Amino acid sequence: MTARPMALMATEDVSRQFGSVCAVDQISIELNADESVGLIGPNGAGKTTLLSLLSGALKPSSGRITMDGNDVTALPVHARVAAGIAKAAQIPQTFDRLTVRENVLLPAYFGAGLSQPDAGVWIDEVLEMTGLIDRADKVPASLGLLDRKRLELAKAVASKPRVLLLDEIAAGLTEPEIALMKEVVRRLQPGRAIVWVEHIPFALQDICARLVVMDKGARLLDGPFDEVWASDALQSTYMGM
Ligand SMILES: Nc1ncnc2c1ncn2[C@@H]1O[C@H](COP(=O)(O)OP(=O)(O)O)[C@@H](O)[C@H]1O
Ligand SMILES: [Mg+2]
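Reading guide: rules and limits
- Residues numbered from 1 in each chain as written.
- Chains lettered and ligands numbered in written order.
- Predicted model: local features only at pLDDT ≥ 70, side-chain atom pairs only at ≥ 80, totals over all residues.
- Heavy atoms only, no water.
- Near = heavy atom within 4 Å.
- Polar contact = N/O pair within 3.5 Å; in protein donor to acceptor, adjacent residues only side chain to side chain.
- Areas by Shrake-Rupley, 256 points an atom, 1.4 Å probe, with all protein chains shown as cover.
- Helix = DSSP H or I, 4+ residues; strand = E, 2+ residues; numbered from the N terminus.
- Nonpolar A, V, L, I, M, F, W, Y, C, P; charged D, E, K, R; others polar.
- Phe/Tyr/Trp six-rings, centres within 6.5 Å; stacked < 30°, edge-to-face > 60°.
- Buried < 20%, exposed > 50% of the residue type's maximum accessible area, 1.4 Å probe, protein only.
- Domains from an automatic or database assignment.
- Contact = heavy atoms within 4.5 Å.
- Buried area = accessible area lost by both parts, 1.4 Å probe.
- Salt bridge = Lys/Arg side-chain N within 4 Å of Asp/Glu carboxyl O.

1. Quick look at the site of ligand 1
- In the vicinity of ligand 1, the contacting residues are Phe18, Val21, Ala23, Pro42, Asn43, Gly44, Ala45, Gly46, Lys47, Thr48 and Thr49.
- Gly46 is positioned with one of its backbone polar atoms (N or O) 3.0 Å from an oxygen atom of ligand 1.
- Note that an oxygen atom of ligand 1 is positioned 2.6 Å from one of the side-chain N or O atoms of Thr49.
- Alone, ligand 1 offers 560 Å² of accessible surface; in the complex the protein occludes 58% of this.
- Among the secondary structure elements, those contributing two or more residues to the shell around ligand 1 are strand S2 (21-31) and helix H1 (47-55).
- At 3 residues, the largest contribution of residues to the shell around ligand 1 is made by H1.
- Looking at the shell around ligand 1, its residues break down into 5 nonpolar, 5 polar and 1 charged.

Following this line, the structure appears as structure tokens:
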């Protein structure tokens, strides 16, 4: 028997309680390098909590999390970023007195550990990939929702993650805007694993080869996108979404 290749990132029986609520319930999941996974499920299923456990924003109540086979469970966010894990949050978090470029420079310095001139060159590349290069000198408050969502994504990418976690970056966007966001994510895929939480499955289609469905803190379904999407179990869960 040949050994399976080591997962890039994995959780082992990871749970997270909030009082009596078990937001994430004993999830064991493996993420391979270069793999894009869509994560869907009803409101309150535990999707955001799972991403926060992966990013280090929350600590699990039990279980462990590994990156490259190393235990990262105890590592806080900045150390996870250094290990190659970054998250774009559902609600964009920006420094509002800084320009778009300066907002993206911070994770290039402190996340990717770059210094000038490398940081400047890399940031121009990130702004180009995320479609923000023409807005580089604006402040976040002057941006529309699509650009604020792009900025949140650009900040995550600027730290050069190998695992990119996306929490509803298409939420609130129109269909043409979602199509633009998908183009951006497609540009970011090479050399990266992506976990993309979204309410609108259209956003994940043709981007994520694998689809995971969570419900009540548990992993309900996991497999090739089209198979999971067509399954009866998904259709019945989805009726309640
Ligand atoms: N910080 C928190 N404090 C208390 N309960 C929380 C907290 N975050 C999430 N929850 C609860 O955990 C469950 C899962 O929430 P969440 O991970 O946000 O779900 P999803 O992102 O799938 O909508 C919900 O019941 C939610 O109310
Ligand atoms: Mg959520």
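2. Things to note about the packing of aromatic side chains
- The final tally for this structure, using the stated rule, is 2 aromatic pairs.
- On the numbers, 6.2 Å between centres and 75 degrees between planes, the contact of Tyr109 with Phe110 is edge-to-face.
- Tyr109 sits in the partly exposed class, given a relative accessible area of 29%.
- Relative accessible area serves as the criterion here: at 70%, Phe110 is assigned to the exposed category.

3. Quick notes on the domain arrangement of the protein
- For the protein, the domain assignment lists domain 1 (1-84 + 161-180 + 190-234) and domain 2 (93-160).
- A C-alpha centroid distance of 24 Å is found between domain 1 and domain 2.
- Listed per partner, the contact involves 14 residues of domain 1 and 11 residues of domain 2.
- Counting each side, the surface lost to burial between domain 1 and domain 2 is near 990 Å², with a carbon and sulfur contribution of 69%.
- Linking domain 1 with domain 2 are 0 salt bridges.
- Scanning the region where domain 1 abuts domain 2 turns up 1 residue pair in polar contact (both at pLDDT 80 or more).

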